[in-house]
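Residues per chain are reported as follows:
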Amino acid sequence: ILNYIAGVSMKFFHISDIHLGKKVNGYSMMDEQRYILGEILRMADEEKPDAVVIAGDIYDRTYPSPEAVALCDEFLFQLSSRSIAVLAISGNHDSPERVAFGSRIFGRSGIHLSPVYDGHVEPVVLSDEYGSVNFYMLPFIRPYDVRRYFPDEEIETYDDAVKKAVNDLGVDFSVRNVLITHQFVSGAKNSDSEEVMVGGTNQVEVSAFAGFDYTALGHLHRPQHVKSEIVRYSGAPLKYSTSEANDTKSVTVAELRIKG
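Residues numbered from 1 in each chain as written. Predicted model: local features only at pLDDT ≥ 70, side-chain atom pairs only at ≥ 80, totals over all residues. Heavy atoms only, no water.

Undergrad: Would you mind going over the packing of aromatic side chains with me for this structure?
TA: A complete count under the given rule lists six aromatic pairs for this structure. Note on Tyr136 and Phe212: the rings are 6.3 Å apart at their centroids and 75° apart in plane angle, and the pair reads as edge-to-face. With Tyr136 in strand 9 (residues 131-138) and Phe212 in the loop between strand 12 (203-204) and strand 13 (214-218), the pair connects residues that are 76 residues apart, well separated along the chain. A ring pair is formed by Phe173 and Phe212, whose centres lie 5.4 Å apart and whose planes are at 85°; its orientation type is edge-to-face. (Phe/Tyr/Trp six-rings, centres within 6.5 Å; stacked < 30°, edge-to-face > 60°. Helix = DSSP H or I, 4+ residues; strand = E, 2+ residues; numbered from the N terminus.)

Undergrad: Can you walk me through the packing of helix 1 (residues 30-47) against helix 2 (residues 66-81) in this structure?
TA: Packed helix pairs are specified by the crossing angle of their axes together with the interaxial distance, meaning the distance between the axes. Between helix 1 and helix 2, the shortest axis-to-axis distance is 11 Å and the interhelical angle comes to 5°. Accordingly, the angle class assigned to the pair helix 1 and helix 2 is roughly parallel. Residues Met30, Gln33, Arg34, Leu37, Ile40 and Leu41 of helix 1 touch helix 2, and the partners they reach there are Glu67, Ala68, Leu71, Phe75, Gln78 and Leu79. (Axes fitted to C-alpha atoms, helices over the stretch in contact; angles between N-to-C directions. Parallel < 35°, antiparallel > 145°, perpendicular 65-115°, else oblique. Contact = heavy atoms within 4.5 Å.)

Undergrad: Looking at this structure, how should I read the environment of Met137?
TA: Its location among the elements puts Met137 in strand 9. In this structure Met137 comes out as buried when scored by relative accessible area, which is 7%. Residues Met137 and Ala188, 51 residues apart in the sequence, show an inter-C-alpha distance of 21 Å. (Buried < 20%, exposed > 50% of the residue type's maximum accessible area, 1.4 Å probe, protein only.)

Undergrad: So what exactly am I meant to see when it comes to the nonpolar core here?
TA: Generally speaking, soluble globular proteins have nonpolar side chains that are buried together. Formed by 33 residues in total, the largest nonpolar core has its most connected members in Phe13, Ile15, Leu20, Leu37, Ile54, Ile58 and Phe75. When near neighbours in sequence (up to four residues on either side) are disregarded, Ile58 contacts Ile18, His19, Leu20, Cys72, Ala88, Ile89, Asp94 and Val99. (Core = buried A, V, L, I, M, F, W, Y, C linked by side-chain atoms within 4.5 Å.)

Undergrad: Help me out: how do you make sense of the sheet that holds strand 8 (residues 124-128) in this one?
TA: As a general point, the strands of a sheet are linked pairwise by backbone hydrogen bonds and lie either parallel or antiparallel. Overall, mixed pairing links the six strands, which are arranged 8-9-10-13-15-14 in an open sheet. Sheet topology places strand 8 and strand 14 (224-225) at the edges, where each strand pairs with a single neighbour. Pairing geometry for strand 10 (residues 176-182) and strand 13, over five bridges, is parallel. From the neighbouring strand, Thr181 faces strand 13, where its bridge partner is Leu217. (Pairing = 2+ DSSP bridges.)

Functional significance is not addressed by these values, which are geometric in nature.
In structure tokens:
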């Protein structure tokens, strides 16, 4: 199923929460994951996107199995061989250091992996007939990840942390910008297969993403907009809990044309 946002020109797939290597009730999902990545490649052959955005939780564990790493490697290779750019960030299940490994080298081949957050995020710039689109890759961050780089700021909550990190990006909102991030946004509907803190202390207000032409979210497994069609969870491509049994899984296809 393809969910279109709007427009033409800069076309990208938005996916997230693949959780390579995941086991559900002791059952390995590797065969299903191999199948669904093949389906995404088939969709890419049909839709011909300029890029594939992976909004975190590439792996299910910080120490992924060799089989999970090999499957990820094959998927990225297949996308690169099709001249499709990849923009992937680490989620709360990933090791940011392992995802970031080799990122400066891979970037030369169009495979852009988020560095470990260090208080500074450089955009990846892709171009189309209307000009440039800045993709800001903000990996999963906790309050202490941000507070260590801004010790004079009051950063106590996830909302504080994300707003500070986003405000410090120095975004020029007169041009087109896409934010890729992995957080629990207030008002979104979660399922049983995600890690959610008691009392919602890990929630972020959607206002943190104001001004972006599209915000590609990861973390929650149900595909959904959050108060606006340009702030969206793509959802996981597979069902990872019984609470998702009636969900319709999909790939989100976004297209950007002229600013606005």
